[in-house]
Amino acid sequence: MWLCFALAVADIFLIFFLCPESNFRRPEWDLISTNGLDTTEAEKANGDNEIFFENVPPEAGYTVRQPSLADMIVPIRADRDLNFFRAMVAPLRGLTRPAVIWVVLLYGCALSPQIIFIFTMSSLLEAPPYLFSSVAVGLMEVAALIGFLLACYGGGMLSDLINDHIVRRRGYGQVRAEDRLLSLIPGMAIGPAGCVLLAFFCQNHLHWAAIAVGFGMVSFGSVYTPNIAITYLAHRHQRDAAQCLVLINVVKNLVAFLFLYEAVEWVQSQGYLQVYLVMFALGVATIAGALPLYLFDGKQYVE
């Protein structure tokens, strides 16, 4: 416990001093859109649709301000141009956007199976027939670590390779944020499949190695699909990406907490089978939500 507390304090300390530039204002470029209209006219012609430009001409380039040593020594500063109330309310506008709502639900439902098992596996593995010690229970997290590492590659480098291949086939200059959703396909079934395996393995008290495999699979799903979804969202709503990410982190934790709050009692009363089959259904439903976003939004937003 004290080690976790010390690491958390060190993490906060490093965030303040290594990441002092917390507010980034994306510059507004005066560019000509592909249909011959300038940005203002194009926005009027397209209603509320957002228009982004992938390639900026050299004359419209910008540089990122490098903070001075004095700025880095003083990690907390007041932004006089920022209204506190607007800063608090601004992320809530994301709730009107389908992509944000989808990412919130996807992230919360992907995270819940892994958290539920973390909070219930000690009572499962320390009891017969396993009789694990507390150290052995902790070592089950190795399976989760393996799942995380594989998901970082799949949801990161592999996703980029797939997206780059799609852009090359279509031709440079036409980039859709929804193309990123296609990279969900290679690993999107691993998380829900892990829920099914955990449901049967834990309910029937099968070998602990089988449970570890299921735990690794749900851990993979808790990183792989949310990582791709957040990348898609940051591309889809570039100008409001920071506000969208704040909203996602707040609401997805609330969604996961709703499951976690009743997790132990739910498992004890209904068993692992029912709990994880519900998680499986929610996981499949939220992943399937990417299909309408790809089919309908993708036709309207081509950069």
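- Looking at an unreviewed UniProt entry, one finds the protein chain named MFS transporter and attributed to Aspergillus oryzae.
- You can read under Subcellular location (unreviewed entry) in the UniProt record for the protein chain the words "Membrane".

Digging into a nonpolar patch on the surface
Part 1 of the reasoning: Together, F84, F85, M88, V89, L92, L95, I101 and L105 make up an exposed nonpolar region whose accessible area comes to about 820 Å².
Part 2 of the reasoning: Contributions of two or more residues to the nonpolar patch are made by helix 4 (84-89) and helix 5 (98-125).
Part 3 of the reasoning: No other element matches the 4 residues that helix 4 contributes to the nonpolar patch.
Part 4 of the reasoning: Relative to the helices and strands, M88 resides in helix 4.

Comments concerning the side chain of D179
Part 1 of the reasoning: Among the secondary structure elements, D179 is positioned in the loop between helix 7 (141-170) and helix 8 (190-203).
Part 2 of the reasoning: Among residues more than four places away in sequence, those in contact with D179 are N163, I166, R170 and Y294.

A closer look at the UniProt feature "transmembrane region" (unreviewed entry) in the protein chain
Part 1 of the reasoning: In the numbering used here, UniProt assigns the "transmembrane region" (unreviewed entry) feature to residues 99-122, 142-161, 181-201, 207-234, 241-261 and 273-296.
Part 2 of the reasoning: This span, residues 241-261, is 100% helix and 0% strand, and a straight line between its end C-alpha atoms measures 30 Å.

Notes on the packing of helix 10 (residues 241-261) against helix 11 (residues 263-288)
Part 1 of the reasoning: Direction vectors running N to C along helix 10 and helix 11 enclose 140°, while the axes themselves pass 10 Å from each other. Our classification of the angle between helix 10 and helix 11 gives oblique. On helix 11, the residues touching F259, L260 and Y261 of helix 10 are A263, W266, M279 and L282.
Part 2 of the reasoning: Tallied by class, residues from the contact of helix 10 with helix 11 come to 7 nonpolar, no polar and no charged.

A few points about the confidence of the model for the protein chain
Part 1 of the reasoning: The predicted model of the protein chain averages 79 in pLDDT, with 75% of residues at 70 or higher.
Part 2 of the reasoning: Across the protein chain, helix 9 (residues 208-236) holds the top mean pLDDT of 94, while helix 2 (residues 39-45) sits lowest at 42.
Part 3 of the reasoning: Taken as a whole, residues 29-62 scores under 50 in pLDDT and shows 42 contacts with residues more than four places along the chain or in a different chain.

Description of the packing of aromatic side chains
Part 1 of the reasoning: Evaluation of the coordinates by the stated rule reveals 7 aromatic pairs.
Part 2 of the reasoning: With 6.0 Å between their ring centres and 90° between their planes, W2 and F5 make a pair best called edge-to-face. Taken together, the positions of W2 and F5, both in helix 1 (residues 2-18) and 3 residues apart, correspond to about one turn of that helix.
Part 3 of the reasoning: Centroid distance Y130 to F132: 6.2 Å. Interplanar angle 80°. Geometry classified as edge-to-face. With respect to class, Y130 is no different from F132; both count as buried.
Part 4 of the reasoning: An aromatic cluster is present here, built from Y130, F132 and W208 joined pairwise through their rings.

Concerning the pattern of salt bridges
Part 1 of the reasoning: Scanning the entire structure with this criterion turns up 6 salt bridges.
Part 2 of the reasoning: For the salt bridge of R180 with D160, the shortest nitrogen-to-oxygen distance reads 2.7 Å. Residue R180 is located in the loop between helix 7 and helix 8, and its partner D160 is located in helix 7; the two are separated by 20 residues in the primary sequence.
Part 3 of the reasoning: In this structure R180 comes out as buried when scored by relative accessible area, which is 13%.
Part 4 of the reasoning: Since its relative accessible area comes to 43%, D160 is described here as partly exposed.
Part 5 of the reasoning: Of the charged contacts in the structure, one is a salt bridge between D179 and R176, with a shortest N-O distance of 3.3 Å. Summarising the burial analysis for this pair, D179 and R176 share the class buried.
Part 6 of the reasoning: Several salt bridges share partner residues, and in doing so they unite R93, R97 and D240 into one network.

Some details on empty space enclosed by the protein
Part 1 of the reasoning: Counted under the stated rule, the structure contains 2 cavities of 30 Å³ or more.
Part 2 of the reasoning: Considered as a void within the structure, the largest cavity measures approximately 130 Å³ in volume.
Part 3 of the reasoning: C109, A110, G191, P192 and G283 are, among the 15 residues lining the largest cavity, the residues nearest its centre.
Part 4 of the reasoning: Residue assignment for the lining of the largest cavity shows that the elements contributing at least two residues are helix 5, helix 8, helix 9 and helix 11.
Part 5 of the reasoning: Split by residue class, the lining of the largest cavity holds 10 nonpolar, 5 polar and no charged.
Part 6 of the reasoning: Lining the second largest cavity we find A90, P91, R93, G94, R97, D240, Q243 and C244.
Part 7 of the reasoning: The class makeup of the residues in the lining of the second largest cavity is 3 nonpolar, 2 polar and 3 charged.

What counts and what doesn't
- Within each chain, residue numbers correspond to sequence positions counted from 1 in written order.
- The predicted nature of this model means local features are confined to residues of pLDDT at least 70 and side-chain atom pairs, given and counted, to a pLDDT of 80 or more, with totals for whole chains, interfaces and linings taken over all residues.
- The basis for the side-chain values is all heavy atoms of the structure; hydrogens and waters are excluded.
- UniProt positions are given in the numbering used here, feature names are shortened, and annotations may be inferred rather than shown by experiment.
- Patch building starts from residues that exceed 30% relative accessible area and form no salt bridge, then joins like charges within 9 Å and nonpolar side chains (Val, Leu, Ile, Met, Phe, Trp, Tyr) within 5 Å.
- The accessible surface values rely on the Shrake-Rupley method and a 1.4 Å probe; as for residues, cover is taken only from the protein chains in view.
- What counts as a salt bridge is simple: a side-chain nitrogen of Lys or Arg found within 4 Å of a carboxyl oxygen of Asp or Glu.
- The numbering of helices and of strands both runs from the N terminus, where a helix is a DSSP run of H or I of at least 4 residues and a strand a run of E of at least 2.
- Pairs of residues are marked as contacts when any of their non-hydrogen atoms sit within 4.5 Å.
- In this analysis, axes come from line fits to C-alpha atoms, helices being fitted only over the stretch in contact, and the angle between any two N-to-C directions falls in the range 0 to 180 degrees.
- For classification purposes, angles smaller than 35 degrees are called roughly parallel, those larger than 145 roughly antiparallel, those between 65 and 115 roughly perpendicular, and all remaining angles oblique.
- Residues are grouped as follows: Ala, Val, Leu, Ile, Met, Phe, Trp, Tyr, Cys and Pro are nonpolar; Asp, Glu, Lys and Arg are charged; all remaining types, including Gly, are polar.
- Confidence of the predictor in every single residue is expressed as pLDDT, which spans 0 to 100.
- The pairing test for Phe, Tyr and Trp rings, Trp by its six-membered ring, is centres within 6.5 Å, and the orientation test on the planes gives stacked under 30 degrees, edge-to-face over 60, and tilted for anything in between.
- The rule is simple: take the accessible area with a 1.4 Å probe, protein chains only, and divide by the maximum for that residue type; under 20% is buried, over 50% is exposed, in between is partly exposed.
- Buriedness of a pocket was judged along seven lines, with at least five required to meet protein on both sides within 12 Å; pockets are open sets of points on a 1 Å grid over the protein atoms alone, cavities are sets where a 1.4 Å probe fits but cannot get out, and lining residues have an atom within 4 Å of a point.
- Grid points are joined across faces, edges and corners, and a volume is the space filled by probe spheres set on the points.

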